[in-house]
Amino acid sequence: MNTAVSLPAEQKQRVRTLWISDLHLGTRGCQADKLAAFLKSYECDQLYLVGDIIDGWRLRKGIYWPQAHTNVLRRILTMSKRGTRVVYVTGNHDEFLRRYSTLLLGNIELVDEAVHHCQDGRRLLVIHGDQFDVITRCHRWLAFLGDHAYEFSLVLNRWLNHWRNRFGLGYWSLSGYLKHRVKKAVNFISEFEEALAHECNKRGLEGVVCGHIHHAEIRQVSGIDYLNCGDWVESCTALIEHQDGRIELYRWNEATAAALQPVDDALEGSVV
């Protein structure tokens, strides 16, 4: 079930639903060009933005907002204008929007959580997931400290991959390596997944779509379909529901990049 999806080079692929999370627009780590190209290659009935779309934590420290980040927002608005239902689920980094939850702007909904009805009848809780993170809920100072450490690892990551690229080596994630080699981090991910599965069981739902921990995955947890979107800072992943209700995990790669047309900024601006 945990497979990669290839993008068609000839035309846009029509799917039922897309889920993306943890874009962190407003940070240097956001891979906005790849994300804009990915969104431009699909048409969908529903697009879920599963939290941490705009990084309010980082923007409070200083404004970083290149054109590529604006292109992502333009692409989302264009999709909405063309009939896609856009559901923005708030996360901890864009928690400033939670005071406006239940806001409806045309074809765009702002919510703290949602229930998605799959074509095959499954009901999935769609939630960012920070509500089930003990550190984020109970030790906010530690969450901010961890965010600084993560940002530092991303800076090192860019430097390391610059030199890896010079020597013809592929992309490698330092922070991902550290996260999945440290026992406490592995235990944290397991506890996070179990907490979400327990919540779904309690509500009588068949599964959950979330983000937050930047670890894309599709698997069964305590009889619940656990689906994590991943992120667009390192892994560049998304979840795709096809017309028959089948859900697949998409991962960006360089072969995908070669198959996609570059985003035309002028065209993007003209359709919003």
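Residue indices begin from 1 for each chain and proceed along its sequence in written order. Totals for whole chains, interfaces and linings use all residues, but because this is a predicted model, local features are given only for residues with pLDDT of at least 70 and pairs of side-chain atoms are given and counted only at 80 or more. As a rule here, side-chain values cover all heavy atoms of the structure and leave hydrogens and water aside.

Student: Just to check I follow, could you spell out the overall build of the protein chain for this structure?
Tutor: Helix numbering and strand numbering both begin at the N terminus, where a helix is a DSSP run of H or I of at least 4 residues and a strand a DSSP run of E of at least 2. A count of helices and strands for the protein chain gives 9 helices and 12 strands. Expressed as a percentage of its 272 residues, the buried residues of the protein chain come to 51%. Of all intrachain contacts in the protein chain linking residues separated by at least 6 positions in sequence, the fraction that spans at least 24 positions is 69%. For the accessible areas, the method is Shrake-Rupley and the probe is 1.4 Å, while residue cover comes only from the protein chains on display. Accessible area for the protein chain stands at about 13,100 Å²; split by element, carbon and sulfur atoms hold 57% of it. Burial classification: accessible surface area is computed with a 1.4 Å probe over protein chains only, and a residue below 20% of its type maximum counts as buried, one above 50% as exposed, and the rest as partly exposed. For this analysis, residues touch if any pair of their heavy atoms sits within 4.5 Å.

Student: Help me out: how do you make sense of the sheet that holds strand S6 (residues 113-117) in this one?
Tutor: Paired through their backbone hydrogen bonds, the strands of a sheet run either parallel or antiparallel. Pairing between two strands is assigned when DSSP locates at least 2 bridges connecting them. A sheet is described by the order of its strands in space; here 5 strands give the open sequence S6-S7-S8-S10-S9, paired in mixed fashion. Sheet topology places S6 and strand S9 (217-221) at the edges, where each strand pairs with a single neighbour. Within the sheet, the average angular offset between the axes of one strand and its neighbour, ignoring direction, is 20°. Relative to strand S7 (residues 123-127), S6 is paired through 5 bridges, and the arrangement is antiparallel. Angles run from 0 to 180 degrees between N-to-C directions of axes, and those axes are lines fitted to C-alpha atoms, restricted for helices to the stretch in contact.

Student: Whenever I open this one, the nonpolar core confuses me. Can you help?
Tutor: A general tendency of soluble globular proteins is for nonpolar side chains to be buried together. Only buried Ala, Val, Leu, Ile, Met, Phe, Trp, Tyr and Cys residues count toward a nonpolar core, and they belong to the same one when joined by side-chain atoms within 4.5 Å. Ranked by internal contacts, the top residues of the largest apolar core, which has 32 residues, are Leu18, Ile20, Phe38, Leu39, Leu47 and Trp232. At the level of secondary structure, the elements contributing two or more residues to this core comprise strand S1 (13-20), helix H1 (32-40), strand S2 (42-50), helix H3 (67-81), strand S3 (85-89) and strand S11 (237-241). With 6 residues, H1 is the single largest residue contributor to this core. When near neighbours in sequence (up to four residues on either side) are disregarded, leucine 18 contacts Phe38, Leu39, Tyr42, Cys44, Gln46, Leu47, Tyr48, Met79, Leu239 and Ile240. Counting residues in each nonpolar core, the second largest holds 18 residues, with Val87, Val89, Val209 and Leu239 among its members.

Student: Looking at this structure, I do not really get the packing of H1 against H3. What am I missing?
Tutor: What describes two packed helices is the angle between their axes and the distance between those same axes. With their axes 8 Å apart at the nearest point, H1 and H3 run at an angle of 20° to one another. When the axis of H1 is compared with that of H3, the two are roughly parallel. Here H1 and H3 pass one another in a crossing that is left-handed. Residues Ala32, Asp33, Leu35, Ala36, Leu39 and Lys40 of H1 lie in contact with H3, whose contacting residues are Ala68, His69, Val72, Arg75, Ile76 and Met79. Angles below 35 degrees are treated as roughly parallel, those above 145 as roughly antiparallel, those between 65 and 115 as roughly perpendicular, and all remaining angles as oblique. Note: crossing handedness is left-handed where the near helix turns anticlockwise from the far helix by less than a right angle, and right-handed where it turns clockwise.

Student: Just to check I follow, could you spell out the pairing of S1 for this structure?
Tutor: Regular strands place their side chains on alternate faces of the sheet. Burial analysis of S1 places 7 of its 8 residues in the buried class, the great majority of the element. Pairing of S1 with S2, which is carried by 7 bridges, proceeds in the parallel orientation. The residue of S2 that forms the bridge with leucine 18 is leucine 47. Orient the strands so they point away from the viewer, and a crossover whose first-strand-to-second-strand path over the helix runs clockwise is right-handed. Note that the unit made of S1, H1 and S2 has a crossover that is right-handed. Bridging between S1 and S11 involves 3 bridges; their strand directions are antiparallel. Paired with tryptophan 19 across the two strands is leucine 239, which belongs to S11.

Student: Where do I start with the pairing of S2 in this structure?
Tutor: Most of S2 sits out of view: 7 of its 9 residues are buried. Taken together, the 5 bridges between S2 and S3 define a ladder with parallel strand orientation. Across the sheet, the residue bridging to leucine 49 is tyrosine 88, located in S3.

Student: Explanation requested: the confidence of the model for the protein chain in the structure shown.
Tutor: When pLDDT drops low, the exact placement of atoms in the prediction is not to be read closely. Per residue, pLDDT measures the predictor's confidence, with a range of 0 to 100. For the protein chain, the average pLDDT comes to 82, and 71% of its residues sit at 70 or higher. Predicted confidence is poor over residues 136-146, with pLDDT under 50, and the contacts of this stretch with residues over four places away or in other chains come to 16 contacts.

Student: I'm lost on the pattern of salt bridges in this one. Help?
Tutor: Here the idea is simple: oppositely charged side chains can pair when their charged atoms come close. When a carboxyl oxygen of Asp or Glu lies within 4 Å of a side-chain nitrogen of Lys or Arg, that pair is called a salt bridge. For the coordinates displayed, the defined rule picks out 15 salt bridges. The residue glutamate 43 makes a salt bridge to arginine 14 at a minimum N-O spacing of 3.5 Å. Remark: arginine 14 occurs in strand S1 and glutamate 43 occurs in strand S2; sequence separation between them is 29 residues. A relative accessible area of 43% means that arginine 14 is categorised as partly exposed.

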